[in-house]
Amino acid sequence: MITARAAATFEPVGRSVATARGFVRDTLQGWGLADLIEDAVVLTSELVTNAVVHAGTTAEVRCLRDKEGVRIEVVDRHPERELPMAEVSRGQLDLNSEGGRGLLLCAALAARWGVDYTPSEKCVWFRLDQQVLPVGTRSAGPVLPDEALPVSETRVRVGVVQVDRTDTITVWNEDAAELFGYRADQVVGKPLADLAAWPQTPGTGTGIAEALALSRWEGSYGLRDSEGRTVPVYACHLRVRDAKGDPSTVCLIVRDQERAILQSPIRLPLQSGGEGLDRGHGDPLDALIGSPPPDDLDSLLQRTVERARDMLDGDAAFLLLATDDETELEVRATTGLPSARQRFARVPVETGSGRYGSARMPSVHDDLVGAPGAVPLLTGTGMHAVVTVPLKVEGRLTGSLGVASETPGRYSNEEALRLQFAADRIALAVESARLTELERLRRGSLAFLVEASELLAGTLDRNQTLALMAQMTVPTLATWCAVYTVPEPGSEPVLSYVLHEDEDRIDGIKALLERVEPPDPDIALGVRPWQAPSEAARSTALRTSLRSLGLGRLPSESEPPGISLSTAAAVGGETILLPLIARNRVIGLLALGKPTDERFRQDILELAEDLSRRAALALDNARLYSERTAISQSLQRSLLPPELPEIDGVDVEVIYRAAGEGNEVGGDFYDVFPIREGAYGFAIGDVCGTGPLAASVTGLARHALRLLAREGLGGPAVLERLNTAILEEGPRGRFLTLLYGELWPKPEGGALLKMVCAGHPLPLRLTPDGRVEPAASPQPLLGVMDDLELFEQSITLDPGDVLLCVTDGVTERREGTRMLGDDGLADVLAPCTGLTAGAVAARVLRAVERFAPNPPSDDMAILTLRIPE
């Protein structure tokens, strides 16, 4: 049963693909189907592209929701263009072909898909089903006698505390006031971290801030009451979003001894004597992750390290996941360690030549002081004894789990065996969650790259491309980024763009990077870490600290201003350089950075590398387009005539508009120039076509007219010789229409005109009484036949008369089947009596522009001559 419908139609233009993606995203978001958005957007993008780009028809996108999920249909009007269904079903589709890729994605991502044909349309559809959760309880405990039930006070109090995006308390209920002795008005508006003690959560400082940022968290810590005493509590945090989209965290808090009220997993108690669990007591899988297990990988790993620490009564624990090639381990969860400084740090699998230096084997170190560097993660943490065991699935190393203690000699092989047994049980669950996360990230990355490619392909402006590159990486991939460009092969990189997620730090980061030696653009270096920014940040922070203590010299007036500590911290973490390679040369470098002590995830680096390849090609295309445009415009400007001459007794005005983006000169041209004393030539013409090819004939015609006219030839002779020159150009020649005339101003007022109108729209004469009439007769156009017989026509312009000369871009202005035409132009000119030449030309231009809503598609030139009264 269909419970909701939404549909929209998109025109067959490239921008419709992005609009269709936005329509589907907004529709599914409104229906609460956020978990289906990424797949739906990717598939819709492919299918709409097939319809509007390849099939060239309008596309209708229909979203149909039912109780199981959503069905999306993309309908085009090209049913005869069949899809390669059989090839897709047999897996025989050519992956290098443009056709059928959308169907392959449907087969990979959709629950069901298909194609329906009718005589007038083709409908490609796919279904995405929501994940169905089982109805009922997720976990249950056995029936217990009354004396075995958890003990609580007569009245159980559950404190409800809500904090906003800045971790500031906004809600404090009555039970919270009873538990901790603070009234609501005493704590609302203060950070929850101010009350927190016992920081047993991930992070630094109190650790509570990091836990509040997680989508869901459950565990124990302490809160100080109004008398300064620490109250052990057990809390459940849930991240929510209000109707305005603002995030906040709801915290349910009880006394620690009443944790059974909130606690989801069943945490088995330790045996007396601190021996913990062994093979004969409970399931180590449940002991490590609880039941039911967490839904996401980060929560699963965090719970694992916390339980592993408790199992061996340790002071710290850590879990690392192996990279795909098993050469490095990436820190993914820690407890009891400064995790913010270690998260996503990478260490080699093999740290030494012996078995104790390999993460592939269990190992026990009585005291790390005697084996420095054996466990790089614990360097400088104060830990001494450590036991580490591998996580393996089907013999392949997938990670490493370790527990450490500040007491030397704390662990033996017995603890290693117990931890290994538990790790063997947890390894498959961790690997399954990791693969689920990778699949989710892969789909999100695919959607990200689809939109990024669309944005990058939508501009050919260099500066806008640089800005887009930065805005797509910050904050999605990195905290800050810098783009270096290489103007010429072999030249030094130039810092071209800097962006930070906090705009107030951009100038400081730019100033710091300008002091750093630019990175080497050698293509052989590839993707690599860049230490210079973090080293400069540490050096700057040290000098600033010394100056604040009065231990260093004061900066001289010639020394550049110092970099603030906040700026130094912003670039003090890991920095990665990605070369921007296009057409087998490095055209720039993309630097991505993290703040102090933070590192990149491997999958983020892979996504950034993929994005850098797309961005490099877009940047190089923008460079080539800019160079081509600059050259074209420079050549075109050379074809424009110099300033109009001052003619006594004649008011002259010209308006010129070339069609096409970046064109300053097209197929239309004009000229007004002195021939000899008291005589002036004027011309307005239209070469067949637009753009640079037409402009080349424009240059030939304009310069030939000036040269021949100054040789003393009359109008017909000038045009006949120009006709011969055009024909001699062969295939490069183009026919043109031309109105050429000679003007002799009279001392007593008025002017004598002699004109030849070779296939051009006839000039119109406006008299002071508002009468409009043609001022010449039509004759053959140029560039078509060898033998031309042209004749000259003479008229006299009296004071108040206006001569209007236009190209066919004016008279052939269209809206549907309507055209302005000669009569329409005459109607526009008739009311212009008494106006100056410039006002007449401007009124004609406005009339042409208003005739149709779409921009003019042809070049236009308007030349007006007026005899003042």
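Residues numbered from 1 in each chain as written. Predicted model: local features only at pLDDT ≥ 70, side-chain atom pairs only at ≥ 80, totals over all residues. Heavy atoms only, no water.

**What about the pairing of strand β30 (residues 793–797)?**
The two faces of a sheet get side chains in turn, since along a regular strand they alternate between them.
Turning to step 1, where the next piece is worked out: Alternating positions in β30 separate cleanly, Q793, I795 and L797 being buried on one face and S794 and T796 remaining unburied on the opposite face.
Turning to step 2, where the next piece is worked out: Pairing geometry for strand β27 (residues 751–758) and β30, over five bridges, is antiparallel. In the sheet register, L752 faces β30, and the bridge partner there is T796. (Buried < 20%, exposed > 50% of the residue type's maximum accessible area, 1.4 Å probe, protein only. Helix = DSSP H or I, 4+ residues; strand = E, 2+ residues; numbered from the N terminus. Pairing = 2+ DSSP bridges.)

**Overview of the pattern of salt bridges**
Turning to step 1, where the next piece is worked out: Evaluation of the coordinates by the stated rule reveals 38 salt bridges.
Turning to step 2, where the next piece is worked out: Close ionic contact of R229 with D225 constitutes a salt bridge, the shortest N to O distance being 3.2 Å.
Turning to step 3, where the next piece is worked out: Linking D298 and R332 is a salt bridge whose minimum nitrogen-to-oxygen distance equals 3.2 Å. One end of the pair, D298, is in helix α9 (residues 297–311); the other, R332, is in strand β13 (residues 328–335), and 34 residues separate them in sequence.
Turning to step 4, where the next piece is worked out: Look at R332 and you get buried, because its relative accessible area is 5%.
Turning to step 5, where the next piece is worked out: Among the ionic contacts, a cluster of salt bridges with common partners joins E60, R62, R71, E73, D116 and E121. (Salt bridge = Lys/Arg side-chain N within 4 Å of Asp/Glu carboxyl O.)

**Structural notes on the sheet that holds strand β3 (residues 69–76)**
Turning to step 1, where the next piece is worked out: The five strands lie next to each other as β1-β2-β3-β5-β4, forming an open sheet whose pairing is antiparallel. Two strands in the sheet have a free side with no partner beyond their single neighbour: β1 (2–10) and β4 (112–117). Pairs of neighbouring strands in the sheet enclose a mean axial angle of 15 degrees, with direction left out of account.
Turning to step 2, where the next piece is worked out: Note: β4 against strand β5 (residues 122–129), six bridges, orientation antiparallel. (Axes fitted to C-alpha atoms, helices over the stretch in contact; angles between N-to-C directions.)

**Quick look at the side chain of E431**
Turning to step 1, where the next piece is worked out: Inspection of the secondary structure puts E431 in helix α10 (residues 413–457).
Turning to step 2, where the next piece is worked out: The exposure class assigned to E431 is buried, which follows from its relative accessible area of 5%.
Turning to step 3, where the next piece is worked out: At a separation of 2.9 Å, a polar atom in the side chain of E431 contacts the side chain of R434.
Turning to step 4, where the next piece is worked out: Among all residues touching E431, those that are not within four sequence positions of it are V393, R396 and T398. (Polar contact = N/O pair within 3.5 Å; in protein donor to acceptor, adjacent residues only side chain to side chain. Contact = heavy atoms within 4.5 Å.)

**Observations concerning the environment of F735**
Turning to step 1, where the next piece is worked out: Within the secondary structure layout, F735 lies in the loop between α17 (715–727) and β26 (736–745).
Turning to step 2, where the next piece is worked out: On the basis of relative accessibility, which here comes to 39%, the residue F735 falls in the partly exposed class.
Turning to step 3, where the next piece is worked out: Sequence separation between F735 and D686 is 49 residues, and the spatial gap between their C-alpha atoms is 8.7 Å.
Turning to step 4, where the next piece is worked out: Apart from the residues lying within four places of it in its own chain, the contact partners of F735 are D686, V687, C688, L781, L782, G783 and V784.

**Regarding the confidence of the model for the protein**
Turning to step 1, where the next piece is worked out: Per-residue confidence for the protein gives a mean pLDDT of 81, with 84% of residues at or over 70.
Turning to step 2, where the next piece is worked out: Mean pLDDT across the elements of the protein bottoms out in helix α3 (residues 85–90) (46) and peaks in strand β31 (residues 802–806) (96).
Turning to step 3, where the next piece is worked out: Every residue in residues 85–99 scores below 50 in pLDDT, and together they form 18 contacts with partners more than four places removed in sequence or on other chains. (pLDDT = per-residue confidence, 0-100.)

**What about the environment of V61?**
Turning to step 1, where the next piece is worked out: When you line up the elements, V61 lands in strand β2 (residues 59–66).
Turning to step 2, where the next piece is worked out: Put simply, V61 and V74 are 13 residues apart on the chain and 4.7 Å apart in space, counted from C-alpha to C-alpha.
Turning to step 3, where the next piece is worked out: Discounting residues that sit within four places of it in the chain, V61 has contacts with A6, A7, A8, F10, A20, F23, V24, V48, I72, E73 and V74.

**Observations regarding helix α20 (residues 837–851)**
An α-helical segment advances 3.6 residues per turn. Residues three or four places apart therefore align on the same side.
Turning to step 1, where the next piece is worked out: The end-to-end C-alpha distance of α20 is 21 Å, a good match for the 21 Å that 15 residues give at a rise of 1.5 Å each.
Turning to step 2, where the next piece is worked out: If you check which residues of α20 are buried, you get A837, V840, A841, V844, L845, V848 and F851. One side of α20 holds all its buried residues, which, seen down the axis, span an arc of 135 degrees. (Expected span 1.5 Å × (residues − 1). Arc of directions from axis to C-beta.)

**What about helix α11 (residues 462–473)?**
Turning to step 1, where the next piece is worked out: The first and last C-alpha atoms of α11 sit 17 Å apart over 12 residues, in line with the 16 Å expected at 1.5 Å per residue.
Turning to step 2, where the next piece is worked out: Buried within α11 we find T465, L466, A467, L468, M469, A470, M472 and T473.
Turning to step 3, where the next piece is worked out: For α11, the N-terminal capping position is held by D461, with its side-chain oxygen 3.2 Å away from the main-chain nitrogen of N463.

**Thoughts on the nonpolar core**
Turning to step 1, where the next piece is worked out: Core analysis: the largest hydrophobic core is formed by 51 residues, its most contacted members being L456, M469, A482, L513, L580, L592 and L611.
Turning to step 2, where the next piece is worked out: If you tally residues by element for this core, the top one is helix α15 (residues 602–639), at nine residues.
Turning to step 3, where the next piece is worked out: In this view, M469 contacts L456, V483, L580, A615 and L619; residues no more than four positions away in its chain are not counted.
Turning to step 4, where the next piece is worked out: Residues A6, F10, V74 and A447 belong to the second largest nonpolar core, which totals 35 residues. (Core = buried A, V, L, I, M, F, W, Y, C linked by side-chain atoms within 4.5 Å.)

**Here's the deal with the packing of aromatic side chains**
How two aromatic rings sit relative to each other is set out by the distance from centre to centre and by the angle between their planes.
Turning to step 1, where the next piece is worked out: This model, assessed by the stated rule, comprises five aromatic pairs.
Turning to step 2, where the next piece is worked out: With a centroid separation of 6.0 Å and an interplanar angle of 80 degrees, the aromatic rings of Y484 and W530 are classed as edge-to-face. Pair noted here: Y484 is in strand β18 (residues 480–485) and W530 is in the loop between β20 (528–529) and α13 (532–549), with a separation of 46 residues, a long-range link. Assigned by exposure class, Y484 and W530 land together as buried.
Turning to step 3, where the next piece is worked out: Clustering of aromatic rings is evident, with ring pairs tying together W172, F180 and Y182. (Phe/Tyr/Trp six-rings, centres within 6.5 Å; stacked < 30°, edge-to-face > 60°.)

**Description of the pairing of β13**
Turning to step 1, where the next piece is worked out: Of all the eight residues making up β13, seven are buried; the element is thus mostly covered by neighbouring parts of the structure.
Turning to step 2, where the next piece is worked out: In the sheet, strand β12 (residues 316–322) pairs with β13 via six bridges, with the strands oriented antiparallel. Residue pairing across strands places A322 opposite L329, the latter belonging to β13.
Turning to step 3, where the next piece is worked out: Linking two consecutive strands that pair antiparallel, namely β12 and β13, is a turn of five residues; a positive phi of about 60 degrees is found at E326 within it.
Turning to step 4, where the next piece is worked out: Relative to strand β14 (residues 346–348), β13 runs antiparallel, the two being bridged by three bridges. Bridge pairing in β14 places E328 opposite P348.

**Structural notes on the packing of helix α1 (residues 15–30) against α10**
Turning to step 1, where the next piece is worked out: Between α1 and α10, the shortest axis-to-axis distance is 11 Å and the interhelical angle comes to 145 degrees. Relative to α10, the crossing made by α1 is left-handed. Across from V17, A18, R21 and R25 in α1, the residues of α10 making contact are V450, E451 and E454.
Turning to step 2, where the next piece is worked out: For the contact of α1 with α10, a count of residues per class yields three nonpolar, no polar and four charged. (Left-handed = near helix turned anticlockwise from the far one by under 90°. Nonpolar A, V, L, I, M, F, W, Y, C, P; charged D, E, K, R; others polar.)

**A look at the sheet that holds β26**
Turning to step 1, where the next piece is worked out: Judged by pairing direction, the sheet is antiparallel, and its five strands sit side by side in the order β24-β25-β26-β27-β30 without closing on themselves. Of all strands in the sheet, those bounded by a partner on one side alone are β24 (668–676) and β30. Taken pair by pair, the neighbouring strands of this sheet meet at an average axis angle of 20 degrees, ignoring direction.
Turning to step 2, where the next piece is worked out: Summarising the sheet, β26 and β27 pair through eight bridges and their orientation is antiparallel. When the sheet's bridge partners are listed, L739 is paired in β27 with C757.
Turning to step 3, where the next piece is worked out: Strands in contact with α17 are β26 and β27; relative to β26, the strand with the most contacts, it is inclined by about 150 degrees.

**Quick look at the state of the cysteines**
Turning to step 1, where the next piece is worked out: Within the structure shown, the criterion is met by zero disulfides.
Turning to step 2, where the next piece is worked out: No disulfide involves C757; its nearest neighbouring cysteine sulfur is the one of C805, lying 8.7 Å away.
Turning to step 3, where the next piece is worked out: With relative accessibility at 0%, the residue C757 sits in the buried group. (Disulfide = S-S within 2.5 Å.)

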